[in-house]
Amino acid sequence: MNLENLKKQAKSLLRQHREGHFPVAARIRRSLPTHAAMNDREILRRAFGLHDAQQVIAAENGFRDWATLKQESVAVSNPSPKSDAFPTSPRLCCAQPQLIASDVTRLAEYYRDQLGFKIDYLYGDPPFYGLVSRDGAHLNLRRLHEDVIDRDAQAREQLFSAAILTENVKALFLEYQARGIEFAQTLKRQPWDAEDFVVQDPDRNLVCFASPT
């Protein structure tokens, strides 16, 4: 963990906020509780200083604040001579699968209106990239003019574009059932003692919602 590089990231984030880049608003909303209820335009209009940018970078790296990040960075850079191991280990925060979309706006609206996600941002005019999320699950949407996946083989082999661990997966299945969602696979108990169901979105991406095993 290079502190100088993290400082540069914070300055870059501050500059992007001042230039009005919409993807920055989603990062700020996820990382700063004071901005959680704001929309993109409200976030970009609100005063945002270097301290705020540093707080975002700290949160994205798994720290509660910038001061803790700095302290940990110094400890990693200068390990105790009594130990040849770093005091902390790397930690993966989350994964964001990338789904292929023929129309990013249309697909984002499907996840919002049918599956209960929110649209974090759409980027481009017309949008060629987007991010939707529900609770801790985030899905990137990327527009391609031609499909690079054999969708018939994907459906036949049930190759998931994303698998989302879901607490109380049965309740989510019933929610989607009540909304009239068409399932590629209804709720099923698997041999490995998990329950899951599969949704195929309008671009034929298969998304599996599964209980933790």
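Residues numbered from 1 in each chain as written. Predicted model: local features only at pLDDT ≥ 70, side-chain atom pairs only at ≥ 80, totals over all residues. Heavy atoms only, no water.

> Could you clarify how one ought to interpret helix 6 (residues 104-113) in this entry?
In an α-helix there are 3.6 residues to a turn, and that puts residues three or four apart on one side. Residues Val104, Leu107, Ala108, Tyr110 and Tyr111 constitute the buried set of helix 6. Taken down its axis, helix 6 places every buried residue within 155° of arc, on the same side. Structurally, helix 6 contributes buried residues whose contacts are with strand 1 (98-101), strand 2 (118-124), strand 3 (127-134), strand 4 (137-143), strand 7 (195-200) and strand 8 (206-210). Its side-chain oxygen at 3.1 Å from the backbone nitrogen of Thr105, Asp103 defines the N-terminal cap of helix 6. (Buried < 20%, exposed > 50% of the residue type's maximum accessible area, 1.4 Å probe, protein only. Helix = DSSP H or I, 4+ residues; strand = E, 2+ residues; numbered from the N terminus. Arc of directions from axis to C-beta. Contact = heavy atoms within 4.5 Å. Polar contact = N/O pair within 3.5 Å; in protein donor to acceptor, adjacent residues only side chain to side chain.)

> What should I look at first to understand the packing of helix 1 (residues 3-18) against helix 2 (residues 22-31) in this one?
Packed helices, taken two at a time, are described by the angle between their axes plus the distance between the axes. Their axes nearest at 8 Å, the elements helix 1 and helix 2 cross at an angle of 120°. Classified by the angle between their axes, helix 1 and helix 2 sit oblique to one another. Judged by the sense of rotation from one axis to the other, the crossing of helix 1 with helix 2 is left-handed. Facing helix 1, whose interface residues are Leu13, Gln16 and His17, helix 2 presents Val24, Arg27 and Ile28. Broken down by class, the residue content of the contact of helix 1 with helix 2 amounts to 3 nonpolar, 2 polar and 1 charged. (Axes fitted to C-alpha atoms, helices over the stretch in contact; angles between N-to-C directions. Parallel < 35°, antiparallel > 145°, perpendicular 65-115°, else oblique. Left-handed = near helix turned anticlockwise from the far one by under 90°. Nonpolar A, V, L, I, M, F, W, Y, C, P; charged D, E, K, R; others polar.)

> Can you walk me through the sheet that holds strand 4 in this structure?
Strand pairing in a sheet relies on backbone hydrogen bonds. The paired strands run either parallel or antiparallel. The sheet built from 4 strands is open, its strands ordered 1-4-3-2 with mixed pairing. A strand with exactly one partner marks an edge of an open sheet, and here the two such strands are strand 1 and strand 2. Across the sheet, the mean angle from the axis of one strand to that of its neighbour is 20°, orientation sign disregarded. One ladder, built from 4 bridges, connects strand 1 with strand 4; its direction is parallel. Residue pairing across strands places Leu99 opposite Leu141, the latter belonging to strand 4. Strand contacts of helix 6: strand 1, strand 2, strand 3 and strand 4, with the helix running at about 10° to strand 3, the strand carrying the most contacts. (Pairing = 2+ DSSP bridges.)

> What is the right way to look at the pairing of strand 2 in this model?
The two faces of a sheet get side chains in turn, since along a regular strand they alternate between them. Where strand 2 meets strand 3, 6 bridges bridge the pair, whose relative direction is antiparallel. Bridge pairing links Gly124 to Pro127 in strand 3. Hairpin geometry of strand 2 and strand 3 is characterised by an intervening segment of 2 residues between the two adjacent antiparallel strands.

> How should I be thinking about unusual backbone geometry in this particular structure?
If a residue is not glycine, its phi is most likely negative; likewise, a peptide bond is most likely trans. Geometrically, the link from Asp125 to Pro126 is a cis peptide bond, its omega value of 0° lying close to zero. Within the secondary structure, Pro126 sits in the loop between strand 2 and strand 3. Unusually for a residue other than glycine, Asn168 sits at a positive phi of about 55°. Its place among the elements puts Asn168 in the loop between strand 5 (162-165) and helix 8 (169-178).

> Looking at this model, I keep getting lost on the side chain of His17. Mind explaining?
Counting through the fold element by element, His17 comes out in helix 1. Take His17: its relative accessible area is 5%, and that puts it in the buried class. There is a polar contact of 2.9 Å between the side chain of His17 and the backbone oxygen of Ile43. For His17, the residues in contact, after removing those within four places along its chain, are Val24, Ile28, Ile43, Leu44, Arg46 and Phe48.

> When you look at the confidence of the model for the protein in this model, what are you seeing that I'm missing?
When pLDDT is low, close inspection of the predicted coordinates is not appropriate. Counting all residues, the mean pLDDT for the protein is 88, and 93% of those residues have values of 70 or more. At the level of individual helices and strands, the protein shows its lowest average pLDDT in helix 5 (residues 66-77), which scores 78, and its highest in helix 6, which scores 97. (pLDDT = per-residue confidence, 0-100.)

> What should I look at first to understand the pairing of strand 6 (residues 183-189) in this one?
The pairing of strand 6 with strand 7 spans 4 bridges and is classified as antiparallel. Opposite Lys188, over in strand 7, you have Asp196 as the bridge partner. The antiparallel pairing of strand 6 with strand 7 creates a hairpin that spans 5 residues between the two strands, and Asp193 there sits at a positive phi of about 70°.

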